[in-house]
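A structural walkthrough
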Amino acid sequence: VQLVESGGGLVQPGGSLRLSCAASGFTFSSYAMRWYRQAPGQERELVARISGGGGITNYADSVKGRFTISRDNTKSTVYLQMNSLKPEDTALYYCYALIRALEYWGQGTLVTVSS
């Protein structure tokens, strides 16, 4: 199993970024996917989750209405569209999958929101 994130970077407050997570090594459409983030000095927190088929999504209260999780099962890729970014969204963002009771994490992609 491999999860590879991309799309992070430096953005001004109010801006947008789209993160991608390319997955391989498992039947992607059979598993829910999650995005987590970890800010400096803070615990890792769940940002968003999407079901295997993409029909069910859940979000942390802090990102509801601003972030959208989606997936393309033909490309084995999950996305996180982040709009109206705030400085407090600055964090390392990780892709996550729980497959047959084993946890898999990507290496993370850094998002910095600053003017």
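See the structure printed just above.
Below or above, wherever it landed, is the structure these notes cover. (Residues numbered from 1 in each chain as written. Predicted model: local features only at pLDDT ≥ 70, side-chain atom pairs only at ≥ 80, totals over all residues. Heavy atoms only, no water.)

**Observations regarding the overall build of the protein chain**
The number of helices and strands found in the protein chain is zero helices and 11 strands. Along the protein chain, helices (α) and strands (β) appear in the sequence β-β-β-β-β-β-β-β-β-β-β when read from the amino end. Relative to the compact-globule value of 13 Å for 115 residues, the protein chain shows a C-alpha radius of gyration of 13 Å, a close match. Projected onto the principal axes, the alpha-carbon positions of the protein chain cover approximately 40 × 25 × 20 Å. A total of 115 residues make up the protein chain; the buried ones form 41% of that total. Considering only residue pairs separated by 6 or more positions, the protein chain has 51% of its internal contacts joining residues 24 or more positions apart. Entry remark: accessible area of the protein chain is about 5900 Å², with carbon and sulfur atoms responsible for 47%. Each charge sign in the protein chain was given a centre, from 11 positive and 8 negative side chains, and these centres are 7 Å apart. (Helix = DSSP H or I, 4+ residues; strand = E, 2+ residues; numbered from the N terminus. Rg over C-alpha atoms; globule rule 2.2 N^0.38 Å. Buried < 20%, exposed > 50% of the residue type's maximum accessible area, 1.4 Å probe, protein only. Contact = heavy atoms within 4.5 Å. Areas by Shrake-Rupley, 256 points an atom, 1.4 Å probe, with all protein chains shown as cover. Lys, Arg positive; Asp, Glu negative; His and termini not counted. Charge placed at Lys NZ, Arg CZ, Asp CG, Glu CD.)

**Brief notes about the side chain of R71**
One can find R71 in strand β7 (residues 67–72). Despite its burial, R71 pairs with no opposite charge, the nearest such side chain being D72 at 8.3 Å. From its side chain, R71 meets the backbone oxygen of Y31 in a polar contact 2.9 Å long. Contact partners of R71, with chain neighbours within four places excluded, come to F28, S29, Y31, A32, M33, I50, S51, G52, G54, T77, V78 and Y79. (Salt bridge = Lys/Arg side-chain N within 4 Å of Asp/Glu carboxyl O. Polar contact = N/O pair within 3.5 Å; in protein donor to acceptor, adjacent residues only side chain to side chain.)

**Some remarks on the sheet that holds strand β1 (residues 2–6)**
Spatial ordering of the open sheet is given by β1-β3-β8-β7, a layout of four strands whose pairing is antiparallel. The open sheet has two edge strands, β1 and β7, and neither has a second partner. Between one strand axis and the next, the sheet turns through 15° on average, direction left out of account. Bridge analysis of strand β3 (residues 17–24) against strand β8 (residues 77–82) gives six bridges, and the strand direction is antiparallel. Looking at β8, one finds that A22 is bridged to T77. (Pairing = 2+ DSSP bridges. Axes fitted to C-alpha atoms, helices over the stretch in contact; angles between N-to-C directions.)

**As for the state of the cysteines**
Counting across every chain of the model gives one disulfide. Put simply, C21 and C95 are joined by a disulfide, and their sulfur atoms are 2.1 Å apart. Because the sign of the S-S torsion sets the handedness, a value of about -80° for the bond joining C21 and C95 places this disulfide among the left-handed ones. Taken together, the positions of C21 in strand β3 and C95 in strand β9 (residues 91–99) put the pair 74 residues apart, joining distant regions of the chain. Grouping residues by exposure puts C21 and C95 together as buried. (Disulfide = S-S within 2.5 Å.)

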